[in-house]
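Tertiary structure, described
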Amino acid sequence: MSHFLHVFMESYPLFLQGLKITLYLSAASLLIAFIIGLFFAILKISKIKPLEWIADAYIWVIRGTPLIVQIFVLYYGITEIILIDKFWAGAIGLAIHSGAYIAEIIRGSIQSIDKGQMEAGRSLGMTTLQTMRRIILPQAFRRAIPSLGNQFIIGIKDSSLVSFIGAQELFGVSSSLGSNSFDFLTFYSVAAIYYLVIVLVLTAIVNRIEKRLSRSD
């Protein structure tokens, strides 16, 4: 235990830098993922067959292949065309992956809203788009919060895979320090503490939002 505490205190400046990159990476990827997920969720419920097929193909390919393969294909594929740094290659790869799951979460939430809501909006003179934006989507997002919160937590943990293309986030920092000292177990354990703290904070935020929305209901 004393060795672990010594390593934890000695290495915290490097881990804090890795923590900052992990948080930036996760925030950027999840924001892009939410936009992607919303877009493909709308395509999937559009009832226009070609658009449904596009959404189905995207979700099927992404959910059927490993995330690490997607990151490698994107990073080594896109750098053949344009120069892109490891951070944005990782963020885009994570976003494309999470977007497929978020699309299904949002689709399910939208379809859980009673169809009478759409009919009521149309009867008030609103267009389909206005009804979706003002009535359906706000209710759908409220129902999707628990699932979206879980997906965001998964996205933060998945960010560790970006270390395999050289990004120095938490897992990358622990791997580098472990390779220098051959004390991999201790440094990976330190990284695990940081991940646990992030997940704990995010879980508390999601639970607080859920309770507030449940009170407003």
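Quick summary incoming for the structure in this document. Only a predicted model underlies this, so the values are computations on that prediction, with no experimental measurement involved.

Further remarks concern the overall build of the protein. The helix and strand inventory of the protein stands at eight helices and zero strands. Going from the N terminus to the C terminus, the protein shows its helices and strands as α-α-α-α-α-α-α-α. Judged by the C-alpha coordinates and their principal axes, the protein covers about 70 × 50 × 25 Å. Relative to its 217 residues, the protein shows a buried fraction of 41%. Within the protein, contacts between residues at least 6 apart in sequence are counted, and of these 74% link residues at least 24 apart. With the model as given, the accessible surface of the protein reaches about 12400 Å², and the carbon-plus-sulfur share is 68%. Treating the 18 positive side-chain charges of the protein as one cloud and the 13 negative ones as another, the clouds have centres 11 Å apart.

Quick look at the packing of helix 1 (residues 2-44) against helix 7 (residues 170-181) now. Remark: helix 1 packs on helix 7, axes separated minimally by 7 Å, with the N-to-C direction vectors making an angle of 150°. As judged from the angle between their axes, helix 1 and helix 7 are roughly antiparallel. Together, Ser 11, Leu 14, Phe 15, Gly 18, Leu 19 and Thr 22 of helix 1 and Leu 170, Val 173, Ser 174 and Leu 177 of helix 7 make up the contact between the two elements. Considered class by class, the residues forming the contact of helix 1 with helix 7 number six nonpolar, four polar and no charged.

Grouped together as the largest cluster of nonpolar side chains are 26 residues, with contacts concentrated most on Phe 40, Tyr 58, Ile 110, Met 132 and Ile 136. Those elements that place two or more of their residues in this core are helix 1, helix 2 (49-64), helix 4 (86-111) and helix 6 (128-158). Tyr 58 has contacts with Ile 36, Phe 40, Ala 95, Ile 96, Gly 99 and Ala 100, leaving out every residue within four places of it along the chain. Ile 145, Leu 170, Phe 187 and Ile 198 belong to the second-largest nonpolar core, a separate cluster that totals 18 residues.

So, how was this worked out
- In every chain, residue numbers begin from 1 and rise along the written sequence.
- Selection of residues for local features in this predicted model requires a pLDDT of at least 70, selection of side-chain atom pairs for listing and counting requires 80 or more, and totals for whole chains, interfaces and linings are taken over all residues.
- With hydrogens and water set aside, each side-chain value is computed from the structure's full complement of heavy atoms.
- A run of H or I in DSSP counts as a helix once it spans at least four residues, and a run of E counts as a strand once it spans at least two, with each numbered from the N terminus.
- Residue exposure (1.4 Å probe, protein chains only): buried if accessible area is under 20% of the type maximum, exposed if over 50%, otherwise partly exposed.
- Contacts are assigned to residue pairs that have any heavy atoms within 4.5 Å of one another.
- The Shrake-Rupley method, run with a 1.4 Å probe sphere, supplies the accessible areas, and residue values consider only the shown protein chains as cover.
- Within this scheme the basic residues Lys and Arg register as positive and the acidic residues Asp and Glu register as negative, but His and the chain ends are omitted.
- Think of each charge as sitting on NZ of Lys, CZ of Arg, CG of Asp or CD of Glu.
- Axis definition: a line fitted to C-alpha atoms, over the contacting stretch in the case of helices. Angles run 0 to 180 degrees between N-to-C directions.
- Angle categories are assigned with fixed cut-offs, so that under 35 degrees is roughly parallel, over 145 is roughly antiparallel, 65 to 115 is roughly perpendicular, and the rest are oblique.
- Note that Gly is not counted as nonpolar here; it falls among the polar residues with everything else outside the nonpolar set of Ala, Val, Leu, Ile, Met, Phe, Trp, Tyr, Cys and Pro and the charged set of Asp, Glu, Lys and Arg.
- Buried residues of nine kinds, namely Ala, Val, Leu, Ile, Met, Phe, Trp, Tyr and Cys, make up a nonpolar core once their side-chain atoms join them within 4.5 Å.

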